[in-house]
Amino acid sequence: MNPRQLALDALLLADPAAKCAAVDAIALPAGEQTPADPDSSRLLSEALPGRNARPVLVAPAQLAQRPVNSRAGRAALFHSLAHIELNAINLALDAVWRFGGLPGDFYRDWIGVAREESQHFQLLHGHLQTMGFSYGDFPAHDGLWEMAERTRDDLLARLALVPRVLEARGLDAAPLIRDKLRRAGDEQGAALLDIILRDEVAHVRIGNRWYHWLCDRHGRDALACQAELARRFRAPRPRGPFNLDARRAAGFDERELAALQAG
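Cut-off values and rules
- Residues numbered from 1 in each chain as written.
- Predicted model: local features only at pLDDT ≥ 70, side-chain atom pairs only at ≥ 80, totals over all residues.
- Heavy atoms only, no water.
- Core = buried A, V, L, I, M, F, W, Y, C linked by side-chain atoms within 4.5 Å.
- Buried < 20%, exposed > 50% of the residue type's maximum accessible area, 1.4 Å probe, protein only.
- Contact = heavy atoms within 4.5 Å.
- Phe/Tyr/Trp six-rings, centres within 6.5 Å; stacked < 30°, edge-to-face > 60°.
- Helix = DSSP H or I, 4+ residues; strand = E, 2+ residues; numbered from the N terminus.
- Expected span 1.5 Å × (residues − 1).

*Asks:* Honestly, the nonpolar core in this entry has me stumped. Any pointers?
*Replies:* Nonpolar side chains tend toward joint burial in soluble globular proteins. Core analysis: the biggest nonpolar cluster contains 80 residues, and Phe 78, Leu 93, Phe 106, Trp 110 and Tyr 211 have the highest contact counts within it. Apart from the residues lying within four places of it in its own chain, the contact partners of Tyr 211 are Leu 156, Leu 159, Ala 160, Arg 164, Ala 222, Cys 225 and Gln 226.

Shown next as structure tokens:
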């Protein structure tokens, strides 16, 4: 079946477990060219993405800060991380179904990203359950998907602002969170952060690859285009400290890193 149709169908699923299972079933054989456009008629009556009633979505300022040296505090942290990964599944699926006419490798890359984000969600949710909680037990915010909505008609903006800004922030934050967990005695949780950081470097590198490919295709300067899109779509300004080694491994060049540090 058309992998872009399967991506849309998975995106519309509300239950995280069902969504993860559907993602794992999507495949785009090597060498296959651009898949056909999906049938999006369900969007006339169904909203993207499919969601359960929980977690309750609130403004970021309404999320309580909890210390990670308590069980409830660590559970809230892992709930937040699981929510980010579930959103990352949705973002990868959205890129696959929404944007047509691209090389087969584009769809293959983002299907692979969705599959790894699914693995991350399941690992984080499993760890959350060891603390006596489940996904949906804490409130969450919707910042990642809000940017997806803003960039729904502009693939260049989507690539500039989701993997290269919002998801790249995870490269900076993951080592800090991992170290906090180690200090709190949660070695298993810290190990999960190492797995996620390794995979997220590759995911941001995929975003960088296709962003630069599109810039080259349209004769745009990548750095100037990034700044213009960040202004136009009201992207949050990245704040340090920055994990420069991870960002280099993810495909940011020295010119981009200098601009990042200059603010």
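Back to the write-up after that little detour.
*Asks:* Please explain the packing of aromatic side chains as it appears in this structure.
*Replies:* Each aromatic ring pair is specified by the distance between its two centres and by the angle formed by the two planes. Scanning the entire structure with this criterion turns up six aromatic pairs. Aromatic pair Phe 106 and Trp 210: ring centres 5.4 Å apart, planes at 80 degrees, arrangement edge-to-face. In this pair, Phe 106 sits in helix H4 (residues 104-130) while Trp 210 sits in helix H7 (residues 187-217), placing the two residues 104 residues apart along the sequence. Comparing Phe 106 with Trp 210, the two get one shared label, buried. Aromatic side chains Phe 121 and Tyr 135 sit 5.5 Å apart centroid to centroid with 85 degrees between the ring planes, which places their arrangement in the edge-to-face category. Note that Phe 121 is positioned in helix H4 and Tyr 135 in the loop between H4 and helix H5 (143-150), a separation of 14 residues in sequence. As far as the burial class goes, Phe 121 and Tyr 135 line up, both buried.

*Asks:* Got a minute to help me understand helix H3 (residues 71-98) in this structure?
*Replies:* In an α-helix, one turn spans 3.6 residues; hence positions three or four apart end up facing the same way. Spanning 28 residues, H3 covers 40 Å between terminal C-alpha atoms, matching the ideal 40 Å at 1.5 Å per step. Counting buried positions over the 28 residues of H3 gives 24, a clear majority of the element.

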